[in-house]
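What the coordinates show
Given next are the chains, with one letter for each unit.
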Amino acid sequence: MRTIYSKRLRRDSRPTPPQQEHNKIYIMSSTKDNDTCTSPVRIDPSVIQHSPVPAGLSSLEHQSISETSQTFTCSLSQQDITHIAMQLKDMLHGEIDYTIKATINQYKQEIDNLTKENQKLRDDLDAVEQYSRRDLLRINGMSDGGNDETSEKTTELVTELVRSIDSNYRDGDIIRSHRIGTPRSNPWNNKNTVPRQIIVRLRDPAIKKRILKCKRHLKEKRETQKIHMNEDLTKARNNIAYKARQIKIERMIKDTWSIDGKILVKDNQDQVHVVNTMTA
């Protein structure tokens, strides 16, 4: 019997495109020493997990960064570590010094501004206080009656004194007057007390100026030579006036006086200056 073999047609083994994508074979190569071998590995693409891409980078950029990243290993000697530490120390000292100096300069500027502002406020306050004393007069050296001397008695004594040097005095020019402080015994004579200052309030500041112009007559009589009349100054201006009088005693200036709260001095060249501070 004759056997007839017919050629069997082989079916096309290529799968459909979707199935081909699902069963794609990925070739992974590995190298070990000097031998290279390649073995097919079947991987399901659906289970592949992709790493997140950093914000601001495209997937291509992220891929290039990831693929080109390498790890370097180096060794440092103790001398290198010491050298690096010293450089870091110098850098830190420089940064710290710069920060401290910048902060100090800033605070110095703020302190200077506050000091100037504070001094201006003090000057303004002193000017207001002096203006409130424009009609006041201080008298030193008048005999003190102690606790028995009332304000009315003090006013009578002051009126009598002013009449003796000012011919233009009128009744009512002196409103009232009083002693300052408590009576103190005289250490050389227990029967007398140390003369206290007298504050005199006048009817008008112009009357004060007129009386101060006449105070030179106090030196003409023996009983009034130790009596002094001056403007009622603030504490700061009174200190300046006191210092000016001390300089006059030392003959560094010819004369000193005050007008409307302003301290005036006449130098040895007969030039008049207004003094506002202790260092002037």
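Here is a short report on the structure shown in this document. Predicted model only: the values in this text are computed from it and were never measured.

**Let's talk about the overall build of the protein chain**
Helix and strand counts for the protein chain come out as six helices and eleven strands. When contacts within the protein chain are restricted to residue pairs at least 6 apart in sequence, those whose partners lie at least 24 apart make up 51%. Total accessible area computed for the protein chain in this model is approximately 23,200 Å², and 53% of it derives from carbon and sulfur atoms.

**Describing the sheet that holds strand β11 (residues 272-275)**
Ordered in space as β9-β10-β11, the three strands form an open sheet in which the pairing is antiparallel. Every interior strand has two partners, whereas the edge strands, β9 (255-259) and β11, have only one. Between one strand and the next, the sheet's axes are offset by a mean angle of 30°, whatever the strand orientation. Here strand β10 (residues 262-266) pairs with β11 via four bridges, running antiparallel. Bridge pairing links I263 to V275 in β11. Strands in contact with helix α6 (residues 235-249) are β9, β10 and β11; relative to β10, the strand with the most contacts, it is inclined by about 10°.

**With respect to the side chain of E149**
Summarising the element assignment, E149 is placed in the loop between β3 (136-140) and α4 (151-165). In this structure the side chain of E149 is engaged in a polar contact, spanning 2.7 Å, whose partner is the backbone nitrogen of G145. Each residue touching E149, except ones within four places of it in the same chain, is listed here: S143, D144, T154, L157 and R179.

**Here we look at the packing of aromatic side chains**
Two aromatic rings are characterised by how far apart their centres lie and by the angle between their planes. One pass over the full model with this rule turns up zero aromatic pairs. Over the aromatic face of Y131 sits the side chain of R134, whose NZ or CZ is 4.2 Å from the ring centroid.

**Concerning the environment of R251**
Note on placement: R251 falls in the loop between α6 and β9. Along the backbone, R251 and N268 are 17 residues apart, and their C-alpha atoms lie at a distance of 8.6 Å.

**Structural notes on the sheet that holds strand β8 (residues 228-231)**
Read from one edge to the other, the open sheet built from four strands follows the order β4-β7-β3-β8, with strand pairing classed as antiparallel. Across the chains shown, the open sheet's two edge strands, defined by having one partner strand only, are β4 (174-179) and β8. Strand after strand, the sheet turns through a mean of 25° between neighbouring axes, direction not considered. Both β3 and β8 contribute to a ladder of four bridges, which runs antiparallel. When the bridges of β8 are listed, I139 appears paired with M229. Across the face of the sheet, α4 comes into contact with β3, β4, β7 (198-202) and β8 while running at roughly 120° to β4. Against the sheet, helix α5 (residues 205-213) engages β3, β7 and β8, with an angle of about 145° to β8.

**Looking at the pattern of salt bridges**
All told, the structure shown has 17 salt bridges when counted by the stated rule. Between D144 and R179 there is a salt bridge; the shortest N-O distance is 3.9 Å. Highlighted residues: D144 in the loop between β3 and α4 and R179 in strand β4, separated in sequence by 35 residues. Take R179: its relative accessible area is 11%, and that puts it in the buried class. With a shortest N-O distance of 2.7 Å, D270 and K254 are connected by a salt bridge. Of this pair, D270 sits in the loop between β10 and β11 while K254 sits in the loop between α6 and β9, placing them 16 residues apart in sequence.

**Describing a nonpolar patch on the surface**
Taken together, the side chains of L76, I81, I84, L88 and M91 present a nonpolar region at the surface, about 480 Å² in accessible area. For L76, the location among the structural elements is in the loop between α2 (59-68) and α3 (78-132). Owing to a relative accessible area of 52%, L76 belongs among the exposed residues under this scheme.

**Considerations on the nonpolar core**
In terms of nonpolar packing, the biggest core is built from 19 residues, with I139, V158, V200 and M229 touching the most fellow members. Those elements that provide at least two residues to this core are β3, α4, β7 and α5. With four residues, α4 is the single largest residue contributor to this core. Discounting chain neighbours no more than four positions away, the residues touching I139 are V158, L161, R196, Q197, I198, V200, I227, H228 and M229.

The rules behind these values
- Each chain has its residues counted from 1, following the order in which its sequence is written.
- Side-chain atom pairs in this predicted model are given and counted only at pLDDT of 80 or more, local residue features only at pLDDT of at least 70, and totals for whole chains, interfaces and linings cover all residues.
- As a rule here, side-chain values cover all heavy atoms of the structure and leave hydrogens and water aside.
- Secondary structure elements follow DSSP: runs of H or I no shorter than four residues count as helices, runs of E no shorter than two count as strands, and numbering proceeds from the N terminus.
- Throughout, a residue-residue contact means that at least one pair of heavy atoms, one from each residue, lies within 4.5 Å.
- The Shrake-Rupley method, run with a 1.4 Å probe, gives the accessible areas here. Residue values count only the displayed protein chains as cover.
- The pairing criterion is simple: DSSP has to find at least two bridges between the two strands.
- For helices, the fitted line uses only the C-alpha atoms of the stretch in contact; every axis is such a line through C-alpha atoms, and the angle between N-to-C directions lies from 0 to 180 degrees.
- Identification of polar contacts relies on pairs of N or O atoms within 3.5 Å, with a donor-acceptor requirement for protein atoms, meaning one able to donate a hydrogen and the other able to accept it, and with residues adjacent in sequence counted only if both atoms are side-chain atoms.
- Pairing of aromatic rings covers Phe, Tyr and Trp, the last through its six-membered ring, and needs centres within 6.5 Å; plane angles under 30 degrees mean stacked, over 60 mean edge-to-face, and all others mean tilted.
- Both a distance and an angle decide whether a charge sits over a ring: NZ of Lys or CZ of Arg must be within 6 Å of the ring centre and within 35 degrees of the ring normal.
- Between Lys or Arg on one side and Asp or Glu on the other, a salt bridge is scored when a side-chain nitrogen of the former is within 4 Å of a carboxyl oxygen of the latter.
- With a 1.4 Å probe rolled over the protein chains alone, any residue whose accessible area is under 20% of its type maximum counts as buried; one over 50% counts as exposed, and the rest are partly exposed.
- Put simply, a patch holds well-exposed residues, over 30% relative accessible area, that have no salt bridge, with like charges counted together within 9 Å and Val, Leu, Ile, Met, Phe, Trp or Tyr side chains within 5 Å.
- Here, the term nonpolar core denotes a set of buried Ala, Val, Leu, Ile, Met, Phe, Trp, Tyr and Cys residues that are joined through side-chain atoms within 4.5 Å.

The values are spatial; any link to function lies outside them.
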